[in-house]
Amino acid sequence: MNVWFKDEEILMSHGAGGKASRKLIEGLVAPILTSHGSPVCLGDSFNIAGTDYWVTTDSFVVSPSSFPGGTLGELAVHGTLNDLSVAGAEPLAITSAIIIEAGTSKDEVNLQLEAIGKASQDANVPVVAGDTKVVEHGKGDGVYITTTGFGRSHPKARLGPARVAPGDVVVCSGSVGDHGITVLMARGELDFTSNSLRSDTANLWPIVKELLDTFGDSVKWMRDPTRGGIASTLNELACDAKVEIMIEESQVPVTDPVRGACEILGLDPFHIANEGKLVAILDAAIAHRAVELLREHPLGRSASTIGTVHESTTPMVVCRTEFGAHRTLDMLTGDPLPRIC
């Protein structure tokens, strides 16, 4: 039994992308796998030693499986492409494993397969292998999808927390929280609707490539802030890079429907999942031009500089509110929106 992970049961919060998730990975998963010879790697993608090639894998259990702006199958492809992209790797191919619960309609399976096919075709990244399993009725929930992606390093990419330094600028490619709130609304559990609320699921490689083509190693670090939102993503970076990150609340793009829903539900949009946004740490000298470049692309129309990196003996993320006060922006605690990706 692992001495670093004290919880007796795995809870939904362990899959939410916040503190409990990090505790599970660092306290149970990583120690066991590394003890059997696997390399220490807590990133979403891994560079195969001695090569320019990267690999990543991810599972998708979103409920409902279709929602405004996307589907489970589309999300599975985009999520895997994005994990490669923000590592600075051009996606080359993916595999797809599908688990289907007995009793699931043919139309539902067809819908998700068509979504996988179209998303991969649009990205020009083929599905090259896969697997299909069926489990008993009541032992699953419709369709689950696991995708693995393979990519090749962009020649100008030099990304990693070790490159982040005081004075660097934090840039976000667009409005935050769209995906998580859209999926929550699609469940029909709340008396709240918005015709403009849609998931942001998208393939980020086109804008990542433009950033790297144009600015090269002035782009120091990138991540797609999925589970746990930008708050959890930036806290992980602060811990890894041993810096303080100051976020300007007024500069973080949040749409009115997302802001309204979060106010009603008592949620922080900075903790809500995204599926088509990136957060990047850039050299201050190119940050303004990078934002202008992002805004020229449909995926980055509302891009903005949202903060700065500072030297600190205590790694943390601090948010300066619109009223000039400061609050600690911690990682997500608990799981307010389960099964959103």
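Structure first, text after, so check above.
A brief structural summary. (Residues numbered from 1 in each chain as written. Predicted model: local features only at pLDDT ≥ 70, side-chain atom pairs only at ≥ 80, totals over all residues. Heavy atoms only, no water.)

Looking now at the sheet that holds strand 2 (residues 53-60). One open sheet accounts for five strands, arranged 1-2-7-5-6; its pairing is mixed. At either end of the open sheet lies a strand with only one pairing partner, and these are strand 1 (45-47) and strand 6 (127-135). Going from strand to strand, the sheet's axes swing by 15° on average, the running direction of each strand aside. Two elements, strand 2 and strand 7 (residues 143-153), share eight bridges in a ladder whose sense is antiparallel. Following the sheet pairing, Trp54 is matched in strand 7 by Gly151. Along the sheet, helix 3 (residues 106-123) makes contact with strand 5 (89-101), strand 6 and strand 7, crossing strand 5 at roughly 175°. (Pairing = 2+ DSSP bridges. Helix = DSSP H or I, 4+ residues; strand = E, 2+ residues; numbered from the N terminus. Axes fitted to C-alpha atoms, helices over the stretch in contact; angles between N-to-C directions. Contact = heavy atoms within 4.5 Å.)

A few words now on the sheet that holds strand 12 (residues 304-310). Pairing is mixed across the open sheet formed by seven strands, whose spatial order is 9-11-8-12-10-13-14. A single partner strand is all that each edge strand has here, and the edge strands are strand 9 (219-223) and strand 14 (326-328). Each strand of the sheet is rotated relative to its neighbour by a mean of 25°, with strand direction disregarded. Alignment of strand 8 (residues 169-172) against strand 12, held across four bridges, turns out to be antiparallel. Of the residues in strand 12, the one forming a bridge with Val169 is Thr308.

A separate point is the environment of Ala285. Residue position: Ala285 is located in helix 8 (residues 284-295). By relative accessible area, which is 61% here, Ala285 ends up exposed. Residues Ala285 and Val219 lie 66 residues apart in sequence; the distance between their C-alpha atoms is 11 Å. (Buried < 20%, exposed > 50% of the residue type's maximum accessible area, 1.4 Å probe, protein only.)

Now for the pairing of strand 12. Within a regular beta strand, the side chains point alternately toward one face of the sheet and then the other, so they alternate between its two faces. Direction of pairing for strand 10 (residues 244-248) relative to strand 12: antiparallel, over a ladder of four bridges. Paired with Met246 across the two strands is Thr308, which belongs to strand 12.

Here Asp268 is to be found in the loop between helix 7 (256-265) and strand 11 (279-282). Of the residues examined, Asp268 reaches a relative accessible area of 17% and is grouped as buried. In terms of polar contacts, Asp268 uses its side chain to reach the backbone amide nitrogen of Phe270, at 2.9 Å. Sequence-distant contacts of Asp268, that is, excluding residues within four places in its chain, are made with Cys262, Arg327 and Leu329. (Polar contact = N/O pair within 3.5 Å; in protein donor to acceptor, adjacent residues only side chain to side chain.)

Let us now look at the nonpolar core. Judged by nonpolar contacts, the single largest core of 56 residues is most densely connected at Val170, Ile181, Ile245 and Phe270. The element contributing the most residues to this core is helix 6 (residues 229-241), with six residues. Apart from residues no more than four positions distant in its own chain, Ile245 is found in contact with Val170, Leu234, Leu237, Ala238, Thr308, Met316, Val317 and Val318. Counting residues in each nonpolar core, the second largest holds 22 residues, with Leu212, Ala280, Val291 and Leu293 among its members. (Core = buried A, V, L, I, M, F, W, Y, C linked by side-chain atoms within 4.5 Å.)

Once that is clear, we can look at the side chain of Glu236. Here Glu236 lies in helix 6. A residue is classified by how much of its surface remains accessible, and Glu236, at 17% relative accessible area, is buried. In this structure the side chain of Glu236 is engaged in a polar contact, spanning 3.2 Å, whose partner is the side chain of Arg223.

On to the pattern of salt bridges. Charged atoms that come close allow side chains of opposite charge to pair. Counting across every chain of the model gives twelve salt bridges. One salt bridge connects Arg158 with Asp217, and the closest N-O pair in it is separated by 3.2 Å. Of the two residues, Arg158 is situated in the loop between strand 7 and strand 8 and Asp217 in the loop between helix 5 (205-215) and strand 9; the sequence distance between them amounts to 59 residues. (Salt bridge = Lys/Arg side-chain N within 4 Å of Asp/Glu carboxyl O.)

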